[in-house]
Amino acid sequence: MATIGFIGLGNMGGPMARNLLKAGHKVRGYDIFKGSLAPFAKAGGEIASDLTETVKDVEVVITMLPAGEHVRNVYLGEGKIIDSAPRGALLIDCSTIDVQSARGISAAAAASTGQEVVDAPVSGGTVGAENATLTFMCGGSAAGFARAEPILKAMGKTIVHAGAAGNGQAAKICNNMILGISMIAVCEGFVLAEKLGLDAQTLFDISSKSSGQCWSMTTYCPVPGPVPTSPANRDFKPGFTGEMMVKDMRLAQEAAHHAGVSTPLGATAQALYALYCGRGGAEDDFSGIIRLLAGK
Ligand code: NAD
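Described below are features of the structure shown in this document. Positions within a chain are numbered from 1, following the residues in the order the chain's sequence is written. Whole-chain, interface and lining totals are the exception, using all residues; otherwise, since this is a predicted model, local features are given only for residues with pLDDT of at least 70 and side-chain atom pairs are given and counted only at 80 or more. To obtain the side-chain values, all non-hydrogen atoms of the structure were included, while hydrogens and water were left out.

**Side note on the site of the ligand**
Here's step 1: Within the structure, the ligand sits among 24 residues, and Asn11, Met12, Asp31, Pro66 and Lys247 are positioned closest to it.
Here's step 2: Think of a polar contact as two N or O atoms within 3.5 Å of one another; within protein, one of them needs to be a possible hydrogen donor and the other a possible acceptor, and neighboring residues in sequence only count if both atoms come from side chains. Here an oxygen atom of the ligand sits 2.9 Å away from a polar atom, N or O, in the main chain of Pro66.
Here's step 3: Between Lys247 and the ligand, the recorded distance is 2.9 Å, taken from a side-chain N or O atom to an oxygen atom.
Here's step 4: Elements that contribute at least two residues to the shell around the ligand include exactly α4 (68–76), α7 (125–131) and α12 (242–259).
Here's step 5: The classification used treats Ala, Val, Leu, Ile, Met, Phe, Trp, Tyr, Cys and Pro as nonpolar, Asp, Glu, Lys and Arg as charged, and all other residues, Gly among them, as polar. Residue composition of the shell around the ligand, grouped by class: twelve nonpolar, nine polar and three charged. We call a residue near a molecule or strand as soon as one heavy atom of that residue lies within 4 Å of the molecule or strand. Elements are defined by DSSP. Helices are runs of H or I of four residues or more, strands are runs of E of two residues or more, and each kind is numbered from the N terminus.

Shown next as structure tokens:
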């Protein structure tokens, strides 16, 4: 069992850190928002008062922070962990951030202390974090991945090595760009069906077994009824918020711009989710965009 420093005990990091404790690891946690600390302490976690104390003498550091700027600050800014964590420590960032920052942090650690960094963003949401069923998409060396895998197994079910540093983030944003676009396609199908007098359940029964089948249809159906667990059945309570989808679509567009690739449906989807957020959907589930597309 490892000694782990965990930074960022929010909606995702909180349950993930508790699953590490459940698996028998010794976990020291830190969050600038003090409200996040109580559930972690109650689960047996040790609370640290700053970054340096969090990473002192640990074997592994895990970060689960909102965005690239927070991650860059923690790894490379004042009190940076690439300096304060032990030289042999494995640094795993599970946040969703831009590919360039992930690669920059890995290169900075290699140049400075030689620490191994693995970017390991997740899919599966807060339910996956609670149930330790997350999917981790990992970027880093084969040796770094081999060290990260048994730790990540305590928090997830599917752990995939996507290649060199930054490739975990690349996999995450490509996947979420597909998701964001496919959700809009499914919504448009249901909006059109309603106008054509075709019952939503009937469209689902046919399309979920036909070539329109996809995750947005069969697991996360944006109309109430066909998939009882989807957010459409609880007035689009998230789930995965509109704001989070805008963030991931923006990351995909930045990456596309950087790579000189045209992703016109991704660009349109980003604009539509931004509009949805501006119209009150930021805190609702992203699949609630069906209301915007239906003109409701
Ligand atoms: P969150 O805002 O609930 O948690 C982030 C935590 O980081 C907060 O508690 C915040 O106080 C803390 N924090 C910020 N700066 C800090 C610092 N300098 N030092 C210590 N703590 C700091 O966010 P979340 O929902 O847990 O998401 C975390 C990451 O996971 C994001 O990158 C998000 O895109 C990604 N993600 C979220 C979901 C989801 O469903 N929530 C799903 C997949 C991926």
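**Section: the pattern of salt bridges**
As a working rule, side chains carrying opposite charge can pair if their charged atoms are close by.
Here's step 1: A side-chain nitrogen of Lys or Arg and a carboxyl oxygen of Asp or Glu constitute a salt bridge if their distance falls within 4 Å. Applying the stated rule across the entire model yields nine salt bridges.
Here's step 2: Here Glu194 and Lys296 are joined by a salt bridge, their closest N and O atoms 3.9 Å apart. Taken together, the residues Glu194 in helix α9 (residues 167–195) and Lys296 in the segment after α14 (289–293) connect sequence positions 102 residues apart.
Here's step 3: In this structure, the salt-bridge partner of Asp284 is Arg291, at a minimum N-O distance of 2.9 Å.
Here's step 4: Burial status follows relative accessibility: with a 1.4 Å probe on protein chains alone, a residue under 20% of its type maximum counts as buried, one over 50% as exposed, and anything between as partly exposed. Since its relative accessible area comes to 24%, Arg291 is described here as partly exposed.
Here's step 5: Connected through salt bridges with shared partners, the residues Lys26, Arg28 and Glu46 form a single ionic network.

**A closer look at the layout of surface pockets**
Here's step 1: Buriedness for pockets is judged along seven lines, at least five of which must meet protein on both sides within 12 Å for an open set on the 1 Å grid over protein atoms alone, while cavities are sets there where a 1.4 Å probe fits but cannot get out, and lining residues have an atom within 4 Å of a point. Grid points are joined across faces, edges and corners, and a volume is the space filled by probe spheres set on the points. Roughly 290 Å³ of volume is contained in the second largest pocket.
Here's step 2: What lines the second largest pocket is a set of 17 residues, among which Val99, Ile173, Ala252, Ala255 and Ala256 lie closest to the centre.
Here's step 3: Put simply, the parts of the chain that give the lining of the second largest pocket at least two residues each are α6 (99–112), α9 and α12.
Here's step 4: Element by element, the count of residues in the lining of the second largest pocket is highest for α12, at seven residues.
Here's step 5: Looking at the lining of the second largest pocket residue by residue, the classes come out as eleven nonpolar, three polar and three charged.

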